[in-house]
Amino acid sequence: MESDMEESMRRKIGRRKVVTGDTAHKLEQLKGRVYALTGEVNFIQEEDLRLETTRARLSNIIKRHEELTERLTRDSDKLVFERLRKEFDDARAAQTEEICLDGEQWNDGLLATIRERVHMEADRKAMLGNESIPDPHFHGKITYKVGTKVICCLEGARIGIQYETSFAGDPCDIYHCVLESRSFLEKMSVIEHTVPFFLPIREAENDFLSSNAMKFIDYIGDILQAYCDRREQTTSLHYNNGAPAVFLKPKNSLNTCTRRSLCITKVRLIQELFGNQIGELYHSISYDRVEFVLDDSDCKVTVSLRYTDLVTVLPTRIRVLAWPLHSSKRRATAAIGKGSGETIAQSIPTPLSYAEDALRTLSLPQACTEIILNLPQALQQIFPHLEKNKGEKSPGIAPL
């Protein structure tokens, strides 16, 4: 009897141990699930933090862009420009002679002569108490023209340089830079200018002005002309009444009316040819980075341009990629099911070498014309699995 009771007790204890073991195992599983859920929550929180950080950065970028835009158009800059333009106009109106310099005639010796002249004139006026007394040595007021630069002797021992920029034979913007030094032997410094703030005039002043003033003057002219050229090339791709306006660079012998007529004709031709294929155009404030998209029915072509040197008008780093769109990817997936291994490689973005070569050698409007004209054939060669819809109309010149 006792043995039966002991056996029964042993069985109950065994059952309790089994139940306790199962419970412990279930508790461990629950702990694991809770840990997994906690980890997932933490992961979501980290993703939220990353998104908030990205939003904050984008907000800062937008805010900075607004500040830069305001700084570009602020009234004080406009006042400086108007004042300097009037001072330069007065100096050119009072000139007795304008000397055009070319090649070796523009040199350090001539610049030294101009510096000496403005200082001697300033000293003479200081001695005479600013009285206007004719002097045979200083009566002549000479202005020097070097290419697109006009160099004037301004009041107060200052040298003024006026930069005239152009694009496709038509004048663009005018910029000014005023140099001053306390004496003929001391180095010059930039006291006023209307050069856009995002161009490195202060860096150029530190690098060149004290050691080679002529190189400084020429370099500022080069970066201003290149900036205007890049800007006009890029903005010519902006939409004009729903289509990109692409300029044709005419010959210099044509008059302004003929140039404008050719430009308008070319724009209309491009509109008839390409419609709205150029879109999503982005650029930096100095136009040294440009990105845009060419839309095709089966592919999207992304163009990324970098100008590593601010004096260049052609991009130095170019990337043009053709991306198959989703509908094409679905067709490619169906072909993969049939055992086509080639389609896998064709479903990834592919560089367009002919487009990169065009952008490397032609101006941006001309290169885009070349790219769009040859785009259907190039895409068909790269992605032979892409089939145009039969009812789709291929690009062509419609009757004007």
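Below you will find a few notes about this structure. (Residues numbered from 1 in each chain as written. Predicted model: local features only at pLDDT ≥ 70, side-chain atom pairs only at ≥ 80, totals over all residues. Heavy atoms only, no water.)

## Quick notes on empty space enclosed by the protein
Line of reasoning, step 1. Scanning the model with the defined rule gives one cavity of 30 Å³ or more in all.
Line of reasoning, step 2. When its volume is computed, the largest cavity comes out at roughly 30 Å³.
Line of reasoning, step 3. Lining the largest cavity are Arg115, Val118, His119, Ala157, Ile159, Leu179, Glu180, Ser181 and Met188.
Line of reasoning, step 4. When residues of the lining of the largest cavity are traced back to their parent elements, those giving at least two are α3 (108–127) and β5 (170–180).
Line of reasoning, step 5. Take the lining of the largest cavity: its biggest share by element is three residues, from α3.
Line of reasoning, step 6. When its residues are assigned to classes, the lining of the largest cavity shows five nonpolar, two polar and two charged. (1 Å grid on protein atoms, 1.4 Å probe; cavity = no way out; pocket = protein on both sides within 12 Å on 5 of 7 lines; lining within 4 Å. Points joined across faces, edges and corners; volume = space filled by probe spheres on them. Helix = DSSP H or I, 4+ residues; strand = E, 2+ residues; numbered from the N terminus. Nonpolar A, V, L, I, M, F, W, Y, C, P; charged D, E, K, R; others polar.)

## Considering the packing of aromatic side chains
Line of reasoning, step 1. Within this structure, the stated rule accounts for four aromatic pairs.
Line of reasoning, step 2. Relative to Phe198, the ring of Phe197 has its centre 5.4 Å away and its plane inclined at 75 degrees; by these criteria the two rings are edge-to-face.
Line of reasoning, step 3. According to the relative accessible area criterion, Phe198 is buried, its value standing at 18%.
Line of reasoning, step 4. Centroid distance Phe198 to Tyr227: 5.4 Å. Interplanar angle 65 degrees. Geometry classified as edge-to-face. With a gap of 29 residues between them, Phe198 in the loop between β6 (189–193) and α4 (201–209) and Tyr227 in helix α5 (residues 213–235) connect regions that are remote in the sequence.
Line of reasoning, step 5. With a relative accessible area of 8%, Tyr227 lands in the buried category.
Line of reasoning, step 6. An aromatic cluster is present here, built from Phe197, Phe198, Tyr227 and Tyr287 joined pairwise through their rings.
Line of reasoning, step 7. For Arg230, the ring lying beneath its charged end belongs to Tyr307, and the centroid distance is 5.7 Å. (Phe/Tyr/Trp six-rings, centres within 6.5 Å; stacked < 30°, edge-to-face > 60°. Buried < 20%, exposed > 50% of the residue type's maximum accessible area, 1.4 Å probe, protein only. Lys NZ or Arg CZ within 6 Å of the ring centre and 35° of its normal.)

## Topic: the environment of Arg182
Line of reasoning, step 1. Inspection of the secondary structure puts Arg182 in the loop between β5 and β6.
Line of reasoning, step 2. Judged by relative accessible area, which is 77%, Arg182 ranks as exposed.

## Brief notes about the pattern of salt bridges
Line of reasoning, step 1. Tallied over the full model, the rule gives 14 salt bridges.
Line of reasoning, step 2. In this structure, Lys145 engages Glu164 in a salt bridge whose closest nitrogen and oxygen atoms are separated by 3.5 Å. Of this pair, Lys145 sits in strand β2 (residues 142–146) while Glu164 sits in strand β4 (residues 158–167), placing them 19 residues apart in sequence.
Line of reasoning, step 3. Of the residues examined, Glu164 reaches a relative accessible area of 24% and is grouped as partly exposed.
Line of reasoning, step 4. Of the charged contacts in the structure, one is a salt bridge between Asp173 and Arg231, with a shortest N-O distance of 2.7 Å. Of this pair, Asp173 sits in strand β5 while Arg231 is found in helix α5, placing the two residues 58 residues apart along the sequence. (Salt bridge = Lys/Arg side-chain N within 4 Å of Asp/Glu carboxyl O.)

## Observations concerning unusual backbone geometry
Line of reasoning, step 1. Non-glycine residue Ala168 carries a positive phi angle of around 55 degrees.
Line of reasoning, step 2. Tracing the chain through its elements places Ala168 in the loop between β4 and β5.
Line of reasoning, step 3. The class of Ala168 is buried, set by a relative accessible area of 14%.
Line of reasoning, step 4. Phi at Tyr287 is positive, roughly 60 degrees, even though this residue is not glycine.
Line of reasoning, step 5. Tracing the chain through its elements places Tyr287 in the loop between β9 (278–283) and β10 (289–295).

## Examining the sheet that holds strand β13 (residues 350–351)
Line of reasoning, step 1. Overall, antiparallel pairing links the five strands, which are arranged β9-β10-β11-β12-β13 in an open sheet. Each end of this open sheet is capped by a strand with a single partner; those strands are β9 and β13.
Line of reasoning, step 2. Two elements, strand β12 (residues 317–324) and β13, share two bridges in a ladder whose sense is antiparallel. Its bridge partner lying in β13, Leu321 is registered against Pro351.
Line of reasoning, step 3. In this fold helix α9 (residues 353–361) packs onto β11 (299–306), β12 and β13, with an angle of close to 150 degrees to the strand it touches most, β12.
Line of reasoning, step 4. Sitting on the sheet, helix α10 (residues 364–382) touches β9, β10, β11, β12 and β13, and the angle it makes with β10 is about 45 degrees. (Pairing = 2+ DSSP bridges. Contact = heavy atoms within 4.5 Å. Axes fitted to C-alpha atoms, helices over the stretch in contact; angles between N-to-C directions.)

## Details of α10
Line of reasoning, step 1. Taking 1.5 Å per residue, 19 residues should reach 27 Å; α10 reaches only 24 Å between its end C-alpha atoms and comes up short.
Line of reasoning, step 2. Taken as a whole, α10 carries its principal kink of about 55 degrees at Leu375; the proline Pro376 stands between one and four residues after it.
Line of reasoning, step 3. All buried positions along α10 are accounted for by Leu364, Pro365, Ala367, Cys368, Thr369, Ile371, Ile372, Leu375, Ala378 and Leu379. (Expected span 1.5 Å × (residues − 1). Bend = angle between axes of the 7 residues up to and from the residue.)

## Regarding the nonpolar core
Line of reasoning, step 1. In terms of nonpolar packing, the biggest core is built from 36 residues, with Trp106, Leu179, Phe216 and Ile220 touching the most fellow members.
Line of reasoning, step 2. It is α5 that contributes the most residues to this core, nine residues altogether.
Line of reasoning, step 3. Beyond its immediate sequence surroundings of up to four residues, Trp106 is in contact with Leu101, Leu111, Val146, Ile151, Met214, Ile217 and Asp218.
Line of reasoning, step 4. One finds Ile278, Leu281, Leu352 and Ala367 within the second-largest nonpolar core, a separate group that totals 26 residues. (Core = buried A, V, L, I, M, F, W, Y, C linked by side-chain atoms within 4.5 Å.)

## Brief notes about α3
Line of reasoning, step 1. Between the first and last C-alpha of α3 there are 29 Å, a value that for 20 residues agrees with the 28 Å anticipated at 1.5 Å per step.
Line of reasoning, step 2. All buried positions along α3 are accounted for by Leu110, Leu111, Ile114, Arg115, Val118, His119, Glu121 and Arg124.
Line of reasoning, step 3. Here α3 starts with a cap whose side-chain oxygen sits 3.1 Å from the backbone nitrogen of Gly109, and that cap is Asn107. (Polar contact = N/O pair within 3.5 Å; in protein donor to acceptor, adjacent residues only side chain to side chain.)

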